[in-house]
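Here's the letter readout for the chains.
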Amino acid sequence: MATVGKPCKVWSAARHVRKSMIARDLQDLMKRGKTKLSFSDTEEVKIVLEDDGTEVDEDDYFQLLPSNTIFILLGKNEHWKPANAGSNVNNQSLDEVDFKHSTEVDGNSVDSRLVDVTTRIRNDVATLITLSNLELQLVSECDTTTLANLVENTEEFAGSLQNACQRYLDDRESATNAVELLKLYHCARKGQGQRKGHGDNMQS
């Protein structure tokens, strides 16, 4: 069976270009990330975590990171900076997101994050699988008419999109609950083993 890979996000150093992708491993992330961010194949880049700049240079560590982790690809002379350092609100992003969209839709104020998400969905509906839980919730709880306007489609499509987001959220929650139960079971078994070992030592 072919390895599907992990949904993740790659951003440029300035955070102006943001792309979604699915990578099988660290090498695949490096290769596909270079293509999406317009690096040449031979150009040396470094992969770091967007939130704190930690370098990711081992595949084992990459595999342990959760889905939708945000990475930044740094070129030779680029350095990681906090998100708010030296930012310029007048710079227009080259992201998949079109920041020309207003936060006003049919007279209603719309969360800018929802505008971001729906723009990505409109460009490629497969982006749905890379969305975070918060982004899925924003879509599923949005007014259907407003959502239809944002994705530039029918209300029927918007309703189906919301149902898909809600199902995906439910599946993630079920998976999380299953993992938590396994953790509890593992801890309980471990505790029983320790108590049994202590009892055997007392008898001997």
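What you are looking at is a predicted structure, and each value in this text was computed from that prediction instead of being measured.

> Got a sec to walk through the packing of aromatic side chains? Specific residues and values, please.
Evaluated as defined, the whole model comprises one aromatic pair. Ring geometry for Phe62 against Phe71: centres 5.8 Å apart, planes inclined by 40 degrees, an arrangement best described as tilted. Pair check on accessibility: Phe62 and Phe71 agree, each one buried. Lying across the ring of Trp11, Arg18 places its NZ or CZ 4.0 Å from the centre.

> Lay out the side chain of Gln162 with the relevant residues and their values.
With respect to the helices and strands, the residue Gln162 is situated in helix α6 (residues 155–203). A distance of 3.2 Å separates a polar side-chain atom of Gln162 from the backbone oxygen of Val139. Every residue in contact with Gln162, bar those within four places of it in the chain, is listed here: Val139, Ser140, Glu141, Cys142, Asp143, Thr144 and Leu147.

> So what's going on with helix α1 (residues 26–36)? Which residues, and what values?
Listing the buried residues of α1 in full gives Leu26, Asp28, Leu29, Gly33 and Lys34. Buried residues in α1 make contact with β1 (6–11), β2 (18–23), β3 (46–49), α2 (59–64) and β4 (70–74). The opening residue of α1, the one whose side-chain oxygen lies 3.2 Å from the backbone nitrogen of Gln27, is Asp25. Immediately beyond the C-terminal end of α1, within one or two residues, lies Ser38, with a positive phi of roughly 65 degrees.

> Pulling in residues and values, what's your account of the packing of helix α3 (residues 112–123) against helix α4 (residues 133–141)?
One can describe the packing of α3 onto α4 by two numbers: an axis separation of 10 Å at closest approach and a directional angle of 90 degrees. As summarised for this structure, α3 and α4 are arranged roughly perpendicular, according to the angle between their axes. When α3 is examined against α4, the residues Arg113, Leu114, Val117, Arg120 and Ile121 are found in contact with a partner set consisting of Leu134, Glu135, Leu138 and Val139. Residue composition of the contact of α3 with α4, grouped by class: six nonpolar, no polar and three charged.

> Please set out unusual backbone geometry residue by residue, giving values where relevant.
One non-glycine residue, Arg15, adopts positive backbone phi at about 65 degrees. By the element assignment, Arg15 lies in the loop between β1 and β2. Under the relative-accessibility criterion, Arg15 is labelled buried at 8%. With phi around 55 degrees, Glu152 is a residue other than glycine that occupies positive phi space. Position of Glu152 among the secondary structure elements: in the loop between α5 (144–151) and α6. On the basis of relative accessible area, Glu152 is assigned to the exposed category, the value being 56%.

> If you had to explain the environment of Gly33 to someone new, which residues and values would you point to?
By the element assignment, Gly33 lies in helix α1. Residues Gly33 and Ile72 lie 39 residues apart in sequence; the distance between their C-alpha atoms is 9.1 Å. Other than its neighbours up to four places away in sequence, Gly33 contacts Val10, Met21, Asp28 and Leu73.

> Account for the confidence of the model for the chain, with residues named and values stated.
Confidence in the prediction of the chain, expressed as mean pLDDT, is 80, and 80% of residues score 70 or more. Of all helices and strands in the chain, the one with the weakest mean pLDDT is strand β5 (residues 104–105) (54), whereas β3 scores best (96).

> Describe in detail the pattern of salt bridges, supporting the description with residues and values.
Applying the stated rule across the entire model yields seven salt bridges. Note that Asp116 is salt-bridged to Arg120, the shortest N-O span being 2.9 Å. Of this pair, Asp116 and Arg120 both sit in helix α3, separated by four residues, roughly a single helical turn. Residue Lys183 is joined to Glu180 by a salt bridge in which the shortest nitrogen-to-oxygen separation is 3.7 Å. With Lys183 and Glu180 both in helix α6 and three residues apart, this pair spans about one turn of that helix. Taking relative accessible area as the criterion, Glu180 reaches 39% and is therefore assigned partly exposed. Where salt bridges share partners, they join Lys9, Asp116, Arg120 and Glu135 into one cluster.

Parameters and conventions
Counting restarts for each chain: residues are numbered from 1 in the order of the written sequence. It should be noted that, the model being predicted, local features are given only for residues of pLDDT at least 70 and side-chain atom pairs only at 80 or more, the latter also being counted only at that level, while totals for whole chains, interfaces and linings use all residues. Excluded from the side-chain calculations are hydrogens and water; all other atoms, namely the structure's heavy atoms, are used. Classification of ring pairs rests on two measures: the distance between centres of Phe, Tyr or Trp rings, Trp counted by its six-membered ring, which must be within 6.5 Å, and the angle between planes, read as stacked under 30 degrees, edge-to-face over 60 and tilted in between. Relative accessibility under 20% of the residue-type maximum defines a buried residue, over 50% an exposed one, and the middle range a partly exposed one, all with a 1.4 Å probe and only protein chains included. Here, a charge over a ring is recorded when the distance from Lys NZ or Arg CZ to the ring centre is within 6 Å and its angle to the ring normal is within 35 degrees. Numbering of helices and strands starts at the N terminus; helices are DSSP runs of H or I of at least 4 residues and strands are runs of E of at least 2. In the analysis that follows, any N or O atom pair within 3.5 Å is treated as a polar contact, provided that within protein one partner can donate a hydrogen and the other can accept it, and provided that, for residues neighboring in sequence, both atoms belong to side chains. Note on contacts: a residue pair is in contact if any heavy atoms of the two residues lie within 4.5 Å. A fitted line through C-alpha atoms represents every axis, and for helices the fit uses only the stretch in contact; the resulting angles, taken between N-to-C directions, go from 0 to 180 degrees. Orientation categories follow fixed angle ranges, with anything under 35 degrees roughly parallel, anything over 145 roughly antiparallel, 65 to 115 roughly perpendicular, and all other angles oblique. Note on residue categories: nonpolar means Ala, Val, Leu, Ile, Met, Phe, Trp, Tyr, Cys or Pro, charged means Asp, Glu, Lys or Arg, and polar means any other residue, Gly included. Per-residue confidence from the prediction method is given by pLDDT, with values spanning 0 to 100. Think of a salt bridge as a Lys or Arg side-chain nitrogen and an Asp or Glu carboxyl oxygen that are within 4 Å of each other.

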